[in-house]
2 protein chains.
Amino acid sequence: MRMAELAQCSGVSVATLKYYLREGLLPAGQAQSATRAAYSEEHLARVRLIRAMVEGAGMSIAGVRRVVSALDNPPSSRHELLGVAHHALPSPNADHPVSAEVSELVAALGWQVSPGAPALRSLSAAVETARSAGVPLGTESLVGYARASERIATVDVAGVPLGDASAALTRVVVGTVLVDPVLAALRRLAQEHTSSAHTGR
Amino acid sequence: MRMAELAQCSGVSVATLKYYLREGLLPAGQAQSATRAAYSEEHLARVRLIRAMVEGAGMSIAGVRRVVSALDNPPSSRHELLGVAHHALPSPNADHPVSAEVSELVAALGWQVSPGAPALRSLSAAVETARSAGVPLGTESLVGYARASERIATVDVAGVPLGDASAALTRVVVGTVLVDPVLAALRRLAQEHTSSAHTGR
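(A) Focus on the interface of chain A and chain B. Contact residues are listed per partner, giving 70 residues for chain A and 70 residues for chain B. Interface area, chain A with chain B, both sides summed: about 6,700 Å², of which 69% is carbon and sulfur. Counting across the interface, chain A meets chain B through six salt bridges. Measuring nitrogen to oxygen at the nearest pair gives 2.9 Å for the salt bridge that ties R187(B) to D180(A). Summed over the shared surface of chain A and chain B, the number is 20 residue pairs in polar contact (both at pLDDT 80 or more).

(B) Quick peek at helix α7 (residues 118–132) of chain A. Residues and elements named next belong to chain A. With 15 residues, α7 should cover 21 Å at 1.5 Å per step; its first-to-last C-alpha distance of 21 Å lies within 8% of that length. For α7, every residue scored as buried is listed here: P118, A119, L120, S122, L123, S124, A125, A126, V127 and A130. Positioned one or two residues after α7, G134 has a phi angle of 90 degrees, which is positive.

(C) Structural detail: the relation of the copies chain A and chain B. When chain A is fitted onto chain B, the two copies agree to an RMSD of 0.0 Å after a turn of 180 degrees and an axial shift of 0.0 Å. One copy is carried onto the other by what is essentially a two-fold rotation axis. No C-alpha of chain A lies nearer the rotation axis than that of A148(A), which sits 2.5 Å from it. Both copies present the same face, since 100% of the interface residues in chain A are matched by interface residues at the equivalent positions in chain B.

(D) Focus on the pattern of salt bridges. Evaluation of the coordinates by the stated rule reveals twelve salt bridges over all chains. Of the charged contacts in the structure, one is a salt bridge between E150(A) and R147(A), with a shortest N-O distance of 2.6 Å. One end of the pair, E150(A), and the other, R147(A), are both in helix α8 (residues 139–158), three residues apart, so they sit about a helical turn from each other. Residue class for R147(A) comes out partly exposed when judged on its relative accessible area of 29%. If you follow the salt bridges from partner to partner, you end up with D156(A), D180(A), R187(B) and R188(B) in one network.

Analysis parameters
Residues numbered from 1 in each chain as written. Chains lettered and ligands numbered in written order. Predicted model: local features only at pLDDT ≥ 70, side-chain atom pairs only at ≥ 80, totals over all residues. Heavy atoms only, no water. Contact = heavy atoms within 4.5 Å. Buried area = accessible area lost by both parts, 1.4 Å probe. Salt bridge = Lys/Arg side-chain N within 4 Å of Asp/Glu carboxyl O. Polar contact = N/O pair within 3.5 Å; in protein donor to acceptor, adjacent residues only side chain to side chain. Helix = DSSP H or I, 4+ residues; strand = E, 2+ residues; numbered from the N terminus. Expected span 1.5 Å × (residues − 1). Buried < 20%, exposed > 50% of the residue type's maximum accessible area, 1.4 Å probe, protein only. Least-squares fit on C-alpha atoms with pLDDT ≥ 70 in both.

Spelled out as structure tokens, the structure:
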């Protein structure tokens, strides 16, 4: 298909497609002449993925570029792939030091995670921010949240397709980022239900 | 204390404090003269809360204003208070219609939630966005996420102080918003652990 059709099918403007091409997020089409190129279904899938990451997940162009380059050269194991995906994901406060409390929590939970996992830094920063705003996150609460997170992760990991590394990476990145808002909404509904069930008013 | 001291203690600049005053987020201090006012510990607590909502939680000024006005006139029951808090929280896609699927899911879960809950709309939009990006969220996955969310909500609701409605409202709003990043980080770590435990590589 030509660029105009790619724009129509993906719902992304021609100007934005050209931007994706310039940024190296979208591979060039097959040249037909000096001013024309043909785009395939794979280009369309890539544009939809980029759009989901940028608009749906609010990822930066740098983050999208990391995912896209991992897609073009995907790692072989599911575990390694998760590492690549997590490093590509937007990580708030990725320069925050890992707190002793978070290291101890992870050890107490028996979790096997790489010491360089960006989420260790994000978690340290998030706990500190919440606490400085008056939300007392004790060990009991954090362990409760962590056990619930294990159940979420079990659902997440079960959904990652085996075999096709590119599909798996897409699923992890997009699934992790785009399911966060699903979980945030479910949490609010569960709060309302739990509060109504517990207090009866 | 004077405004300069309020700025120093809270870490918020005088210019920003004046902005909070103009926006009606921070009550005026006790006038000492035409150009001087005195601020109390309550002002300091309010500034810290506003800062946590704006910077820590990324809330809009309109959202902060809703919380602050609810704080000045807090509802009496914990359940009602949750409703106020949830309406004040940032709700992505709050104009999205509630999907039949989400209504059926909530009914199947046996959750008691108000039909006007903004999270029903956010959830409908988030499920649609994830799916259009190729993340197939089936009923089984959604129920799995919902059950995990119930465990999270139990920890959340247990942390809400009873008796003092103002403290409870603060806790719900700040706790809900500021614990979201804690949960997002825990989810990523749990994914890594679960993946390593399941695949052994």
